[in-house]
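# Geometric and topological summary
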Amino acid sequence: MTEVQLLLLGPEEVGKTLMLKRLQTVTAQQNLTQAQRSENLGEAPPTIPTVGVNLVTLTHNKRKYTFRELGGAMGPIWQNYFKDSSSLVYVLDSSKPTQISSSCIQFLEVLSSKDTQDMSVLLIFNKTDSPDYMSRCEISSLIRLADILACARQDITVLECSFREGTGLREILKWLHDKSSPASVSK
Ligand SMILES: Nc1nc2c(ncn2[C@@H]2O[C@H](COP(=O)(O)OP(=O)(O)O)[C@@H](O)[C@H]2O)c(=O)[nH]1
Ligand SMILES: [Mg+2]
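Residues numbered from 1 in each chain as written. Chains lettered and ligands numbered in written order. Predicted model: local features only at pLDDT ≥ 70, side-chain atom pairs only at ≥ 80, totals over all residues.

Let us now look at the nonpolar core. Within the largest apolar cluster, 36 residues are counted, with the highest numbers of intra-cluster contacts made by L6, L9, L88, V89, Y90, V91 and I124. Residues within four places of I124 in sequence aside, it is in contact with V89, V91, L92, L159 and C161. (Core = buried A, V, L, I, M, F, W, Y, C linked by C-beta atoms within 7 Å. Buried ≥ 20, exposed ≤ 12 C-beta atoms within 10 Å, placed from the backbone. Contact = placed C-beta atoms within 7 Å.)

Let's shift gears to the UniProt feature "binding site: Mg(2+)" (unreviewed entry) in the protein. Using the residue numbers shown here, the UniProt feature "binding site: Mg(2+)" (unreviewed entry) corresponds to T17 and T50. What stands out for the annotated residues spanning 34 residues is how close their C-alpha atoms remain, the widest pair being 7.5 Å apart. For T17, the position within the fold is in helix α1 (residues 16-30). The class for T17 is buried, based on 21 C-beta atoms found within 10 Å. (UniProt positions renumbered as here; feature names shortened; annotations may be inferred. Helix = DSSP H or I, 4+ residues; strand = E, 2+ residues; numbered from the N terminus.)

We now examine the packing of α1 against helix α5 (residues 169-179). Two numbers describe how α1 lies on α5: the axes approach to 10 Å, and their chain directions differ by 80°. It follows that α1 is roughly perpendicular to α5 by the angle criterion. Contact residues: R22, L23 and V26 in α1; L169, I172 and L173 in α5. For the contact of α1 with α5, the residue count by class is 5 nonpolar, no polar and 1 charged. (Axes fitted to C-alpha atoms, helices over the stretch in contact; angles between N-to-C directions. Parallel < 35°, antiparallel > 145°, perpendicular 65-115°, else oblique. Nonpolar A, V, L, I, M, F, W, Y, C, P; charged D, E, K, R; others polar.)

Here we take up the site of ligand 1. Near ligand 1 lie 18 residues; those nearest to it are G15, K16, T17, T47 and R164. With 3 residues, α1 is the largest single contributor of residues to the shell around ligand 1. (Near = placed C-beta within 6 Å.)

Our focus in this paragraph is the sheet that holds strand β5 (residues 120-126). Spatially, 6 strands are ordered β2-β3-β1-β4-β5-β6 in an open sheet, and the strand pairing comes out mixed. Edge strands, defined here as strands with exactly one partner in the open sheet, are β2 (53-60) and β6 (155-160). The average angle at which neighbouring strand axes cross in this sheet is 20°, direction not considered. Pairing analysis gives 4 bridges linking strand β1 (residues 2-9) to strand β4 (residues 87-93), with the strands arranged parallel. Within the sheet, the bridge partner assigned to L6 lies in β4 and is S87. Sitting on the sheet, helix α2 (residues 97-112) is in contact with β1 and β4, with an inclination near 170° to β4. α5 contacts β2, β3 (63-70), β4, β5 and β6 of the sheet and is inclined by roughly 170° relative to β6. (Pairing = 2+ DSSP bridges.)

In this section: the packing of α2 against helix α3 (residues 136-143). One can describe the packing of α2 onto α3 by two numbers: an axis separation of 10 Å at closest approach and a directional angle of 50°. By the angle between their axes, α2 is oblique relative to α3. You can see that α2 and α3 cross each other, and the crossing is right-handed. Along its contact with α2, which presents P97, I100, S101 and C104, the element α3 presents I139, L142 and I143. Across the contact of α2 with α3, the residue classes break down as 6 nonpolar, 1 polar and no charged. (Left-handed = near helix turned anticlockwise from the far one by under 90°.)

Further remarks concern the pairing of β4. In terms of burial, β4 is largely enclosed, as 7 of its 7 residues are buried. Residues S87, V89, V91 and D93 line one face of β4 and the alternating positions L88, Y90 and L92 line the opposite face, and both faces are buried. Note: β4 against β5, 7 bridges, orientation parallel. Counted as the bridge partner of V91 is I124 from β5. Regarding the hand of the β-α-β motif, the stretch spanning β4, α2 and β5 is right-handed. (Right-handed = clockwise from strand over helix to strand, strands pointing away.)

Take the environment of F163 next. Inspection of the secondary structure puts F163 in the loop between β6 and α5. Here F163 falls in the buried class, since 28 other C-beta atoms lie within 10 Å of it. Distance from F163 to D129, taken between C-alpha atoms, is 8.9 Å for residues 34 residues apart in sequence. Among residues more than four places away in sequence, those in contact with F163 are G15, L18, M19, R22, A44 and N126.

In structure tokens form, the structure reads like this:
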């Protein structure tokens, strides 16, 4: 089976672990018959802060995806993991404007590393269910997203999600399928 290695980065508490739990549920449901399947994902399962590396494997459309979620406190050594991955998912919390500015700088540092130049990148604005969330349009002007997308060498896809409500998960699975570069995966 084709295997894809991905890095999952972003500040703490933005919803990375919940994203993995939600994707595990959705991909497990896809292996059930129509009758067994429940479209309702239910309440968000609890998460505990990730210490070190959280390794999660999903199977979707005959491909195996291994996510390495790195705890936010590991920021200074993220770069040690770049070489082992072909794609990158970066999550931001759209309900925290002050954090977005600083984590955008961290995101730019990731994009400027020579080891990420050939990666496919998915940038997620999570927590759109929060009452005070910023829309994609507002965040885009705050961090000058158009300039980032124009200047980056990477192919960057942007998505708005709520992992609490389970929105955006199918788009993530589609991105995984479309963007996992055959050249960087092992059989
Ligand atoms: N309101 C809301 N809360 C969320 C969402 N995603 C995650 N959370 C909550 O944010 C907290 C941190 O989530 P977690 O997945 O552990 O974050 P991580 O540190 O990035 O792995 C938990 O209490 C989650 O339930 C979301 O889409 N909306
Ligand atoms: Mg976590």
